[in-house]
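# Residue-level structural notes
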Amino acid sequence: MSYSTAVLIILVVGLAAAAVTLVVQKAVAADLRREHHEVGSTVFLQLGVIFAVLLAFVFSEAWTEYNEASAAIDLEVAALHGAAMLAATLPPPAAKEILNKEQAYLDSVVQSEWPIMAAHRSEDILTDHKLRALIQAAAGLKFNDPAENYTKPEILSLLTQAHAQREVRIYQAGSGIPGALWTVLIGFEAILVTFVVLSGLRFWTTAALVSGIFAASVSSILVVARLLDYPFEGALALGPHDFIAVTKKVTELLVSGG
């Protein structure tokens, strides 16, 4: 969902509520609406509390998952950068092998996996194979110098961390708020807006303004929650900028001789 679509949804909902209010103002007498005010206001408050609790839970969950995806990216990139720096201290043949495979994985994440996460909310199998090949290459390193054998476990540890954070990133790409929960939220909003539309306000301008603002305000919160729901798509999508930056650093290590 783009920003323009989000704003359009909010405006349409607000204007629709105001338009329906104008129709109700002409069709239903104010005295009749005021007769049901006491019961209607009590029910409105009770439903409003239930809706507020549910909305707070959904928004908090969406925001938490969005931040978890962002943190997973940072941790994965940091682990890959650390592994690359350690690999650069190895003998040139081994260093070149590890850095080349890591660069191939980083390029695949940016060029192949990111679009797939945005479009299909899943991983790219070829990218996963490249990470597997990188870890296997690091595990197969053999050195004549005993001092260099201490570097291998460190590289493997960092690559294992990168793999774990990649799993978190992939999971968050496909993890969203269930459709049934969105249906309940939208249904609650429609009911609450209906209560406001049927309020006992006598002046049609005030009634239309109140119902329009109320509907638009609630819709704006739902729209923001939806923008946060899937962290790799829409206007608030997380980008591969950190991976691009690390790719450049790995390239510099290769150019400098690993």
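Check the entry above for the structure.
A brief look at the structure comes next.

Reading the values: rules and limits
Along each chain, residue indices are assigned from 1 in the same order as the chain's sequence is written. In keeping with the predicted nature of the model, local features appear solely for residues at pLDDT of at least 70, side-chain atom pairs appear and are counted solely at 80 or more, and the whole-chain, interface and lining totals rest on all residues. Derived side-chain values reflect all non-hydrogen atoms in the structure, with water molecules and hydrogen atoms excluded from consideration. Helical segments are the DSSP runs of H or I of at least four residues, strand segments are the runs of E of at least two, and each set is numbered from the N terminus. Atoms counted for the radius of gyration: C-alpha only. Globule rule: 2.2 Å times the number of residues to the power 0.38. Buried, partly exposed and exposed residues are distinguished by accessible area as a fraction of the type maximum, computed with a 1.4 Å probe on protein chains only: under 20%, between the cut-offs, and over 50%, respectively. In this analysis, two residues are considered to be in contact whenever any of their non-hydrogen atoms come within 4.5 Å of each other. Accessible surface area values rest on a Shrake-Rupley calculation with a 1.4 Å probe, where residue burial reflects the displayed protein chains alone. Helix axes are fitted only over the stretch in contact, all axes being lines through C-alpha atoms; the angle between N-to-C directions runs from 0 to 180 degrees. Should an angle lie under 35 degrees it is considered roughly parallel, over 145 roughly antiparallel, and from 65 to 115 roughly perpendicular; all remaining angles are considered oblique. By convention the crossing between two helices is left-handed if the near helix lies anticlockwise of the far one by an angle smaller than a right angle, and right-handed if it lies clockwise. Residues are grouped as follows: Ala, Val, Leu, Ile, Met, Phe, Trp, Tyr, Cys and Pro are nonpolar; Asp, Glu, Lys and Arg are charged; all remaining types, including Gly, are polar. What makes a salt bridge here is a side-chain nitrogen of Lys or Arg within 4 Å of a carboxyl oxygen of Asp or Glu, nothing more. Only residues whose relative accessible area exceeds 30% and that take part in no salt bridge are eligible for patches, with like-charged residues grouped when within 9 Å of each other and nonpolar side chains (Val, Leu, Ile, Met, Phe, Trp, Tyr) grouped when within 5 Å. One less than the number of residues in a helix, times 1.5 Å, gives the span that helix is expected to have. We define a nonpolar core as any set of buried Ala, Val, Leu, Ile, Met, Phe, Trp, Tyr and Cys residues linked to one another through side-chain atoms lying within 4.5 Å. Only Phe, Tyr and Trp rings are paired, with Trp represented by its six-membered ring, and only when their centres lie within 6.5 Å; those with planes under 30 degrees apart are stacked, over 60 edge-to-face, the remainder tilted.

Secondary structure summary: the chain contains nine helices and zero strands in total. Written out in order from the N terminus, the α and β elements of the chain read α-α-α-α-α-α-α-α-α. The globule rule puts the C-alpha radius of gyration for 258 residues at 18 Å, and the 27 Å found for the chain is more than 25% above it. Considered along the principal axes of its C-alpha atoms, the chain spans approximately 95 × 30 × 25 Å. Expressed as a percentage of its 258 residues, the buried residues of the chain come to 40%. Long-range pairs, those at least 24 residues apart, make up 82% of the contacts in the chain between residues at least 6 apart in sequence. Carbon and sulfur atoms form 67% of the exposed surface of the chain, whose accessible area is close to 13400 Å².

What follows covers unusual backbone geometry. Excluding glycine, residues mostly carry a negative phi; peptide bonds, for their part, are mostly trans. For Arg121, which is not glycine, the phi torsion reads 60° and is therefore positive. Inspection of the secondary structure puts Arg121 in the loop between α4 (92–120) and α5 (125–139).

What follows is about the environment of Leu222. Within the secondary structure, Leu222 is located in helix α8 (residues 204–229). Judged by its relative accessible area of 7%, Leu222 falls in the buried class. In the structure, Leu222 is positioned 33 residues away from Glu189 in sequence and 9.6 Å away in space, judged by C-alpha atoms. Setting aside its immediate chain neighbours within four residues, Leu222 contacts Leu55, Trp182, Leu185 and Glu189.

Time to look at the packing of α4 against α5. Put simply, α4 and α5 touch, their axes get as near as 9 Å, and they point 165° apart. Considered as vectors, α4 and α5 are oriented roughly antiparallel to each other. Considering only the axes of α4 and α5, their crossing is left-handed. Here Glu97, Ile98, Lys101, Glu102, Ala104, Tyr105, Ser108, Val109, Ser112 and Glu113 of α4 lie close against α5, whose contacting residues are Thr127, Lys130, Leu131, Ala133, Leu134, Ala137 and Ala138.

As a further point, take the packing of helix α1 (residues 3–27) against helix α7 (residues 179–197). Taken N-terminus to C-terminus, the directions of α1 and α7 make an angle of 40°; their axes are 10 Å apart at the nearest point. By the criterion of interaxial angle, the relationship of α1 to α7 is oblique. As for the relative orientation of α1 and α7, their crossing is right-handed in sense. For the pair α1 and α7, contact is made by Val13, Ala17, Val20, Thr21 and Val24 and by Glu189, Val193 and Val197, respectively. Across the contact of α1 with α7, the residue classes tally to six nonpolar, one polar and one charged.

Time to look at the pattern of salt bridges. Using the criterion set out here, one finds eight salt bridges in the structure. Where Glu113 meets Arg166, a salt bridge forms, and the shortest distance between an N and an O atom there is 2.4 Å. Taken together, the residues Glu113 in helix α4 and Arg166 in helix α6 (residues 151–174) connect sequence positions 53 residues apart. Comparing Glu113 with Arg166 shows no difference in burial state: the two are buried. Each of Glu76, Glu113, Glu123, Asp128, Arg132, Arg166 and Arg169 takes part in salt bridges that share partners, so that together they form one network.

Taken together, the side chains of Phe59, Trp63, Ile221 and Val224 present a nonpolar region at the surface, about 320 Å² in accessible area. Mapped onto the nonpolar patch, the elements with two or more residues apiece are α3 (37–87) and α8. Position of Trp63 relative to the elements: it lies in helix α3.

Here we come to α6. Between the first and last C-alpha of α6 there are 35 Å, a value that for 24 residues agrees with the 34 Å anticipated at 1.5 Å per step. Restricting attention to buried positions, one finds in α6 the residues Thr151, Ile155, Leu158, Leu159, Ala162, Gln165, Arg166, Arg169, Ile170, Gln172 and Ala173. Packed against the buried residues of α6 are α3, α4, α5 and α9 (241–255).

Membership of the largest hydrophobic core comes to 52 residues, with the highest contact counts inside it found for Leu185, Phe232 and Phe243. Excluding its chain neighbours within four sequence positions, the residues that come into contact with Phe232 are Ala69, Ile73, Trp114, Met117, Ala118, Arg169, Ala173, Ala237 and Leu238.

Using the criterion set out here, one finds six aromatic pairs in the structure. Between Phe44 and Phe195, the ring centres sit 6.3 Å apart and the planes meet at 50°, which makes this aromatic pair tilted. Highlighted residues: Phe44 in helix α3 and Phe195 in helix α7, separated in sequence by 151 residues. A relative accessible area of 23% means that Phe44 is categorised as partly exposed.

By themselves, these observations are geometric and do not establish any function.
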